[in-house]
Amino acid sequence: MSTDLQWLLIRKYNSFLVKKVPEGPTFSREPGNLLNLHSHKYSGLANAKTIDIQNSESGLQITTKKSKASSHAVRPARTTSAVRNRSGGRRSLGVVASLAKKGYRPDLRAAALGRASALLATQKEKKASPPKKVRGKKVAASTA
């Protein structure tokens, strides 16, 4: 079945649709959708090639769907690669960019980098804020 026909079938009705505001954008929770926007370009269900980036305990988990796998398989063939937390942000973004750039889905390169950098930002530990300095009249009041 072609990807266009699949999109026409699942476009209006599927279990992953999220409609918050009638006039606003329609979102989707499907796996493989990098921007969570309900469109054919970003759809993880209708496209033969998808990139899915998720958080895991060990770091980022990057999953791609094999496009030449048999359509009669019990479950779709996927490849999974993981980038460890301690590898650093530049290495993980390089892995994501090279995966998207190698001809797999170059149109999703910017979306994949954005998703990976957002997930990396959530994994960082927040710095403790320094104590507030007492200024002005409060200094004299506290010393007296």
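As the structure is a computational prediction, the values presented were derived from the model and not from experiment.

The next point concerns the pairing of strand E4 (residues 59–65). Within E4, 6 of the 7 residues are buried, leaving the element largely enclosed by the surrounding structure. Bridging between strand E3 (residues 51–56) and E4 involves 6 bridges; their strand directions are antiparallel. Across the sheet, residue asparagine 55 finds its bridge partner in E4, namely leucine 60. Connecting E3 to the antiparallel partner E4 that follows it, the hairpin turn spans 2 residues. Of the pairings in the sheet, the one linking E4 to strand E5 (residues 78–84) comprises 7 bridges and is antiparallel in character.

Its domain assignment divides the chain into domain 1 (1–47) and domain 2 (50–122). Inter-centroid distance (C-alpha atoms) of domain 1 to domain 2 is 19 Å. Across the boundary between the two partners, domain 1 contributes 12 residues, which contact 11 residues of domain 2. Of the roughly 880 Å² buried between domain 1 and domain 2, counting both surfaces, carbon and sulfur atoms make up 55%. Linking domain 1 with domain 2 are 5 residue pairs in polar contact (both at pLDDT 80 or more). Across the side of domain 1 that touches domain 2, the residue classes tally to 5 nonpolar, 6 polar and 1 charged.

Strand order in this open sheet of 3 strands is E3-E4-E5, and the pairing throughout is antiparallel. Each end of this open sheet is capped by a strand with a single partner; those strands are E3 and E5. Within the sheet, the average angular offset between the axes of one strand and its neighbour, ignoring direction, is 20 degrees. In the packing of helix H2 (residues 89–104) onto the sheet, the strands contacted are E3, E4 and E5, and the crossing angle to E4 comes to about 10 degrees. Here helix H3 (residues 109–123) sits on the sheet in contact with E3 and E4, set at roughly 0 degrees to E3.

The next thing to look at is the environment of threonine 64. Looking at the secondary structure, you find threonine 64 in strand E4. On the basis of relative accessibility, which here comes to 7%, the residue threonine 64 falls in the buried class. With 14 residues separating them in the primary sequence, threonine 64 and threonine 50 have C-alpha atoms 5.6 Å apart. Apart from residues lying up to four places away in sequence, threonine 64 is in contact with Thr50, Ile51, Ala77, Arg78, Thr79, Leu99 and Tyr104.

This part is about the nonpolar core. One recurring pattern in soluble globular proteins is that nonpolar side chains are buried together. Formed by 16 residues in total, the largest nonpolar core has its most connected members in Leu34, Ile51, Ile53, Leu60, Ile62 and Val96. For this core, the elements supplying multiple residues, two or more each, are E3, E4, H2 and H3. Once residues lying within four places of it in the same chain are set aside, the contact partners of isoleucine 53 are Leu34, Leu60, Gln61, Ile62, Val96, Ala112, Arg115, Ala116 and Leu119.

Further remarks concern the pattern of salt bridges. All chains considered together, the criterion is met by 1 salt bridge. For aspartate 107, the salt bridge identified is with arginine 105, shortest N-O distance 3.1 Å. Residue aspartate 107 is classed as partly exposed on the basis of its relative accessible area, which comes to 40%. Assessed through its relative accessible area of 10%, arginine 105 is described here as buried.

Definitions and cut-offs
Residues numbered from 1 in each chain as written. Predicted model: local features only at pLDDT ≥ 70, side-chain atom pairs only at ≥ 80, totals over all residues. Heavy atoms only, no water. Buried < 20%, exposed > 50% of the residue type's maximum accessible area, 1.4 Å probe, protein only. Helix = DSSP H or I, 4+ residues; strand = E, 2+ residues; numbered from the N terminus. Pairing = 2+ DSSP bridges. Domains from an automatic or database assignment. Contact = heavy atoms within 4.5 Å. Buried area = accessible area lost by both parts, 1.4 Å probe. Polar contact = N/O pair within 3.5 Å; in protein donor to acceptor, adjacent residues only side chain to side chain. Nonpolar A, V, L, I, M, F, W, Y, C, P; charged D, E, K, R; others polar. Axes fitted to C-alpha atoms, helices over the stretch in contact; angles between N-to-C directions. Core = buried A, V, L, I, M, F, W, Y, C linked by side-chain atoms within 4.5 Å. Salt bridge = Lys/Arg side-chain N within 4 Å of Asp/Glu carboxyl O.

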